[in-house]
Amino acid sequence: MVTKTPAKSNLYTYRVMWSEEDQEFIGLCAEFPSLSWLADTQEEALRGITKLVKDVVTDMVSSNETIPVPLSVKHYSGKFIVRLPSDVHRKLAIEAAESKVSFNRYVSAKLASE
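A brief report on the enclosed structure follows. Keep in mind that this is a model prediction, so the values were computed, not measured. (Residues numbered from 1 in each chain as written. Predicted model: local features only at pLDDT ≥ 70, side-chain atom pairs only at ≥ 80, totals over all residues. Heavy atoms only, no water.)

### Points about the overall build of the chain
Which entries qualify depends on this criterion: Here a helix means four or more residues in a row that DSSP labels H or I, a strand means two or more in a row labelled E, and each is numbered from the N terminus. Radius of gyration: over C-alpha atoms. The globule rule applied is 2.2 Å multiplied by the number of residues raised to the 0.38 power. The cut-offs for exposure are 20% and 50% of the maximum accessible area for each residue type, with area from a 1.4 Å probe on protein chains only; residues under the lower value are buried, those over the upper are exposed, and the others partly exposed. Working rule for contacts: check all heavy atoms of both residues, and any pair within 4.5 Å makes them a contact. Surface accessibility in these figures is a Shrake-Rupley result with a 1.4 Å probe; residues are shielded only by whichever protein chains are displayed. The convention is simple: Lys and Arg are positive, Asp and Glu are negative, and His and the chain ends are not counted. By convention, charge coordinates are those of NZ in Lys, CZ in Arg, CG in Asp, or CD in Glu.
Helix and strand content of the chain: three helices and five strands. Against the compact-globule benchmark of 13 Å for 114 residues, the chain has a radius of gyration of 20 Å, which places it well outside the compact range. Each of the three principal axes of the chain carries a C-alpha extent, and together these read 55 × 35 × 20 Å. Counting all 114 residues of the chain, 23% fall into the buried class. In the chain, the share of contacts with a sequence separation of at least 24, taken over all contacts with a separation of at least 6, comes to 39%. Taken as a whole, the chain presents about 8700 Å² of accessible surface, with 56% of it coming from carbon and sulfur. Positive and negative side-chain charges in the chain, numbering 14 and 15 respectively, have mean positions lying 15 Å apart.

### Describing the pairing of strand S2 (residues 14-19)
Here is the rule we go by: Strands pair, by our definition, only if DSSP identifies at least two bridges between them.
Here six bridges tie S2 to strand S3 (residues 24-29), and the two strands are oriented antiparallel to one another. For Trp18, the partnering residue across the bridge sits in S3 and is Phe25. The turn joining S2 and S3, which pair antiparallel and follow one another in sequence, is formed by four residues; a positive phi near 60 degrees is taken by Gln23.

### Details of the pattern of salt bridges
To keep it simple, the criterion reads: A side-chain nitrogen of Lys or Arg and a carboxyl oxygen of Asp or Glu constitute a salt bridge if their distance falls within 4 Å.
Under the criterion given, the structure shown has two salt bridges. For Lys91, the salt bridge goes to Glu95, with nearest N and O atoms at 2.8 Å. Of this pair, Lys91 and Glu95 both sit in helix H2 (residues 86-98), four residues apart, which is roughly one turn of that helix. Since its relative accessible area comes to 47%, Lys91 is described here as partly exposed.

### Some words on the nonpolar core
As a reminder of what qualifies: Residues belong to one nonpolar core when they are buried, are Ala, Val, Leu, Ile, Met, Phe, Trp, Tyr or Cys, and are joined through side-chain atoms within 4.5 Å.
Counting residues in hydrophobic clusters, the biggest one holds nine residues: Tyr12, Cys29, Phe32, Leu35, Ile49, Val53, Val57, Met60 and Ile67. With four residues, the top contributor of residues to this core is helix H1 (residues 42-62). Look past the residues within four positions of Phe32 in its chain and what remains in contact with it is Tyr12, Val53, Val56, Val57, Met60 and Pro68.

So yeah, pure geometry; function would need other evidence.
Written out as structure tokens, the structure is:
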């Protein structure tokens, strides 16, 4: 889902981590996976990627391009379909029955704990 309305760049999902390859901290944004920012400190990496995303969003808006909806405000239905091997399905169904909970509740709890 994308939008034509300007997003607040501070609502996007940012992460800062150490890059062993670059020997610097790298700032990333989940909604803009092609963007990154390298810096000597975590704070500089976060500041850099945040400013870069803000500049990119500003350019996209001025060019009338669609911008990603921030994951933090995107609506999630709470439902998704996943295919898995029948033996795994059977194993999970048995574990759910032994735990005396529904299959859905059991799988949801397993996913939440990962």
